[in-house]
Amino acid sequence: MSKEGAAIGKKICFVHMPKCGGTSIIHALRHPIFYRDSVRFKSSRATAKAKKNGWDIDAYRQECLVELLSKPKYKYVSGHYRCTQDVLDQFEQDWAFFTLLRHPVKRWFSHYFYNRYKTKQHYKTKMSIDEYLESSSGQNIGSMFVRFLSAVPDHRSEEAIADAIANLNRFALVGVLENQEKFTASFEQVFGRKLEIPHKNQNPASKEKQQELITDEIKAKVELICAPDLRIYNHAIQQLGA
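As the structure is a prediction and not an experimental result, all values here were calculated from the model.

How each quantity is defined
Residues numbered from 1 in each chain as written. Predicted model: local features only at pLDDT ≥ 70, side-chain atom pairs only at ≥ 80, totals over all residues. Heavy atoms only, no water. Helix = DSSP H or I, 4+ residues; strand = E, 2+ residues; numbered from the N terminus. Contact = heavy atoms within 4.5 Å. Areas by Shrake-Rupley, 256 points an atom, 1.4 Å probe, with all protein chains shown as cover. Pairing = 2+ DSSP bridges. Axes fitted to C-alpha atoms, helices over the stretch in contact; angles between N-to-C directions. pLDDT = per-residue confidence, 0-100. Buried < 20%, exposed > 50% of the residue type's maximum accessible area, 1.4 Å probe, protein only. Arc of directions from axis to C-beta. Phe/Tyr/Trp six-rings, centres within 6.5 Å; stacked < 30°, edge-to-face > 60°. Lys NZ or Arg CZ within 6 Å of the ring centre and 35° of its normal. Parallel < 35°, antiparallel > 145°, perpendicular 65-115°, else oblique. Left-handed = near helix turned anticlockwise from the far one by under 90°. Nonpolar A, V, L, I, M, F, W, Y, C, P; charged D, E, K, R; others polar.

### Some points on the overall build of the chain
For the chain, the count of helices and strands is 14 helices and five strands. Taking the intrachain contacts of the chain between residues at least 6 apart in sequence as the baseline, contacts between residues at least 24 apart amount to 73%. Of the roughly 12,000 Å² of accessible surface on the chain, a fraction of 47% belongs to carbon and sulfur atoms.

Below you can see the structure in the form of C-alpha cells.
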C-alpha cells in the first residue's frame, strides 16, 4: 500500500516487525536525511525493564513509543513497538507510520532458527522445533502482527484481527519482504526519498540446516499457528496492494 506524497514533510515512525527484514531498513535509514534527530528503540532493554517490574511487555513498549513520539526533537523513530488505535489517534496528524511484513510461516521459522542458534541470550531458546511448536513462545509468534497492531488481549480472536487490520489501513506505507522492489519504489512515492537497502542480520542457521528440520507435518502445524497473521498478511497483499 502506498499513499503517494501523503507523508512528505511528516515525521516518520517505522514499526519494526521482528524477522521481517527490518534491520536492513533501519540501516538504510541511517543516511543523514533520515537519521538526524532520530531514536532507535532498544527492545532488549525495554523487555528486561518490563520483566523486572512485572509490567506487560507490549503495553510498556507502547508507552515507550508514545513518550518518544511526544518529544518535538525527534523526526524519525524506529523499533519493535506496539502501535494501536490509541497511538494512531494521537499522532497520525504529525507522524507517518510504515511497516514491512513477511509471509508469517517463513517469519515463524526464521524467528525460531534465529533464537535457537544465535549467541546472544535475548529471547534465546534451547528447545527443539517440536518443543517450540507446543510452547507459549511458539504459539505466540504466530500472531505477532496482530499483537503489534492491536491492544485486544486475545491475539487470535476475530476482534483482535479486525482491529489490527483497521489500524494497518491507517499506515502511510505497508510493504512485504517478498516484494522489496515494490516496497522501495512505494517508499520513494510516499516519502519523496530513495531507500537503498543492504542485507543485514542474517540467520545463524544455514538454509540447509533449516530444511533438514522442516518436515511437511511441522510446516502444517506452523500454518495453523500462523492463521491470525496470515489474515493480516493476505489483507496487505490483496487489499493494500503490498
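Once you've had a look at it, read on.
### A look at the sheet that holds strand E3 (residues 76-79)
The strand order across the open sheet formed by five strands is E2-E3-E1-E4-E5, and the pairing between neighbours is parallel. The open sheet has two free edges, formed respectively by strand E2 (38-40) and strand E5 (173-176), since each of these has just one partner strand. Going from strand to strand, the sheet's axes swing by 10° on average, the running direction of each strand aside. Strand direction decides the pairing type here: strand E1 (residues 11-15) and strand E4 (residues 95-101), joined by five bridges, are parallel. Bridge assignment links cysteine 13 to a residue of E4, and that residue is phenylalanine 97. Here helix H4 (residues 57-69) sits on the sheet and contacts E1, E2, E3 and E4; the angle it forms with E3, its principal contact strand, is near 165°.

### Comments concerning the side chain of threonine 125
Structurally, threonine 125 is set in the loop between helix H6 (104-117) and helix H7 (129-134). Among residues more than four places away in sequence, those in contact with threonine 125 are Tyr112, Asn115, Arg116 and Tyr132.

### Section: unusual backbone geometry
A positive phi angle is found at lysine 19, which is not glycine, with a value near 60°. In this structure, lysine 19 sits in the loop between E1 and helix H1 (22-28).

### Structural notes on the confidence of the model for the chain
Chain-level statistics for the chain give a pLDDT mean of 88 and a share of 89% at 70 or above. The weakest mean pLDDT in the chain belongs to helix H2 (residues 32-35) at 62; the strongest belongs to helix H10 (residues 158-168) at 98.

### Regarding helix H13 (residues 216-225)
Ile218, Val222 and Ile225 are the residues of H13 that are buried. Seen from one end, H13 has its buried residues packed into an arc of 55°, which puts them on one side. In H13, the exposed positions angled more than 90 degrees off the buried face are occupied by Asp216, Glu217 and Leu224.

### So, the packing of aromatic side chains
Here a ring pair, both rings aromatic, is described through the centre-centre distance and the interplanar angle of the planes. In total, this model carries 14 aromatic pairs according to the counting rule given. Taken together, a centroid distance of 5.2 Å and an interplanar angle of 65° make the contact between tyrosine 112 and phenylalanine 113 edge-to-face. An identical accessibility class is assigned to tyrosine 112 and phenylalanine 113; each is buried. Taking 4.6 Å as the distance between ring centres and 40° as the angle between the ring planes, the aromatic pair formed by phenylalanine 187 and phenylalanine 191 counts as tilted. One end of the pair is phenylalanine 187 and the other is phenylalanine 191, both in helix H11 (residues 180-191) and four residues apart, which spans about a single turn. Residue phenylalanine 191 is classed as buried on the basis of its relative accessible area of 5%. Taken together, the ring pairs in this structure connect Trp108, Phe109, Tyr112, Phe113, Tyr117 and Tyr132 into an aromatic cluster. When the ring centre of tyrosine 114 is taken as reference, the NZ or CZ atom of lysine 19 above it lies at 3.6 Å. Sitting over the face of the ring of tyrosine 117, arginine 116 holds its NZ or CZ atom 5.1 Å from the ring centroid.

### Things to note about the packing of H10 against helix H14 (residues 227-238)
Contact geometry of H10 with H14 gives a least axis separation of 10 Å together with a crossing angle of 30°. Considered as vectors, H10 and H14 are oriented roughly parallel to each other. In this structure, the crossing between H10 and H14 has a hand that is right-handed. Here Glu158, Ile161, Ala164, Ile165 and Leu168 of H10 come into contact with H14, specifically with Pro228, Arg231, Ile232, His235 and Ala236. Its residues assigned to classes, the contact of H10 with H14 shows seven nonpolar, one polar and two charged.

### Describing the environment of isoleucine 218
Positionally, isoleucine 218 belongs in helix H13. For the pair isoleucine 218 and isoleucine 129, spaced 89 residues apart in the sequence, the C-alpha separation amounts to 8.4 Å. Setting aside its immediate chain neighbours within four residues, isoleucine 218 contacts Phe109, Ile129, Asp130, Leu133 and Leu213.

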